[in-house]
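As a plain string of letters, each chain reads:
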Amino acid sequence: MFSDIGALELVTLIVLAVLVFGPDKLPKVVQDVSRFIRKVREFSDSAKEDIRSELGPDFKDFEFEDLNPKTFIRKQLDGNEDLGELKELRSTFDLRKEMNEVADAVNGRESAPAAPAAAPAAVNGSAPDLLKKQDKPAAPEAPPYDSDAT
């Protein structure tokens, strides 16, 4: 519960407690706080047991920590045989390289040739060169202006 509190913080809390409550009332306050924490834990445990009993025998090993999305996904992927294929697919895909290639193509720069991939063939048998800067199309002719219509 207090795993992230260091020694200096603990000493500071003790000194503050002594100053606020006084040395004669401090044992009673500590006892009351520990009793309150114990009752909250008992209430929480009984509520969890009630929920498990209401869910039925299928959820006998149900843990509330599994409702955390990260824990749920991690638990689902641990027993999955397709995880190896997912890691293999992830290792073959380099997002930074792909984004740089797209940016180079958009900006009209030549990029270093990547490993040859199977490019889709066009209708006439040659693939269009997406990295080559395209010629600008001729400016479209403006439609005639009709002053009577406006």
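On a predicted model such as this, the values are computed, not experimentally measured, just so you know.

Participant: So, the pattern of salt bridges: which residues are in play, and what are the values?
Facilitator: For the coordinates displayed, the defined rule picks out three salt bridges. Put simply, arginine 35 and aspartate 32 hold a salt bridge, and the shortest N to O gap is 3.3 Å. With arginine 35 and aspartate 32 both in helix α2 (residues 26-55) and three residues apart, the pair spans about one turn of that helix. Among the residues examined, arginine 35 registers a relative accessible area of 35% and is labelled partly exposed. Owing to a relative accessible area of 32%, aspartate 32 belongs among the partly exposed residues under this scheme. When the shortest N-O distance is used, the salt bridge between glutamate 49 and arginine 52 registers 3.1 Å. With glutamate 49 and arginine 52 both in helix α2, this residue pair falls three residues apart, about one helical turn. A single salt-bridge network, built from bridges that share partners, covers Lys28, Asp32 and Arg35.

Participant: How would you explain the confidence of the model for the chain if you had to name every residue and give the values?
Facilitator: If pLDDT is low for a region, its predicted coordinates should not be looked at in detail. Summarising the model, the chain shows a mean pLDDT of 77, and 75% of its residues fall at 70 or more. Averaged pLDDT values for the elements of the chain fall to 70 in helix α4 (residues 83-92) and rise to 91 in α2. Contacts from residues 115-123, a stretch scored under 50 in pLDDT, to residues over four places away or in other chains number four contacts.

The rules behind the values
Residues numbered from 1 in each chain as written. Predicted model: local features only at pLDDT ≥ 70, side-chain atom pairs only at ≥ 80, totals over all residues. Heavy atoms only, no water. Salt bridge = Lys/Arg side-chain N within 4 Å of Asp/Glu carboxyl O. Helix = DSSP H or I, 4+ residues; strand = E, 2+ residues; numbered from the N terminus. Buried < 20%, exposed > 50% of the residue type's maximum accessible area, 1.4 Å probe, protein only. pLDDT = per-residue confidence, 0-100. Contact = heavy atoms within 4.5 Å.

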